[in-house]
Amino acid sequence: MSELKLAKYWEGRTPPPSFYAPIDPCKSPPPCPFNLSAMMDYSKKVGKKVSDLSYDEVEQFRIKE
C-alpha cells in the first residue's frame, strides 16, 4: 500500500484528524473552503501544480465567512 503524499501546503503543519477520516458517500460533502477556480488560475500563472503551492500561496484563496 502506498503512503499518502501531502501537498506542500502541509509542510511543517499537521493536518486535522478529519483529513484522514473516511469519506461517507451517502452524505453531502462539506463545502470547499477555497476558491478553487482562482487558485487554478494562479497556479497556471506562476507555473506550478496546485499541490506544489505553499501554505501562504493557498491561504490567499481561502473563502472568508
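Scroll up for the structure.
Everything numeric in this text was worked out from a predicted model, so none of it was measured.

A. Representation of helix H1 (residues 36-46). N-cap assignment for H1: the residue whose side-chain oxygen lies 3.4 Å from the backbone N of Ser 37 is Asn 35. Looking one or two residues past H1, Gly 47 carries a phi angle of roughly 75°, positive in sign.

B. Structural context of the environment of Tyr 55. Position of Tyr 55 among the secondary structure elements: in helix H2 (residues 55-59). Each C-alpha atom of the pair Tyr 55 and Lys 8 lies 7.0 Å from the other, and the pair is 47 residues apart in sequence. Setting aside chain neighbours within four positions, we find Tyr 55 in contact with Tyr 9 and Arg 13.

C. Up close: the nonpolar core. Counting residues in hydrophobic clusters, the biggest one holds 7 residues: Tyr 9, Trp 10, Phe 34, Met 39, Leu 53, Val 58 and Phe 61. Setting aside chain neighbours within four positions, we find Trp 10 in contact with Pro 15, Pro 16 and Phe 19.

D. Up close: the side chain of Ser 43. For Ser 43, the position within the fold is in helix H1. At 2.9 Å, the side chain of Ser 43 and the backbone oxygen of Met 40 are in polar contact. Among residues more than four places away in sequence, those in contact with Ser 43 are Lys 48, Lys 49, Val 50 and Leu 53.

Rules and cut-offs
- Residues numbered from 1 in each chain as written.
- Predicted model: local features only at pLDDT ≥ 70, side-chain atom pairs only at ≥ 80, totals over all residues.
- Heavy atoms only, no water.
- Polar contact = N/O pair within 3.5 Å; in protein donor to acceptor, adjacent residues only side chain to side chain.
- Helix = DSSP H or I, 4+ residues; strand = E, 2+ residues; numbered from the N terminus.
- Contact = heavy atoms within 4.5 Å.
- Core = buried A, V, L, I, M, F, W, Y, C linked by side-chain atoms within 4.5 Å.
- Buried < 20%, exposed > 50% of the residue type's maximum accessible area, 1.4 Å probe, protein only.

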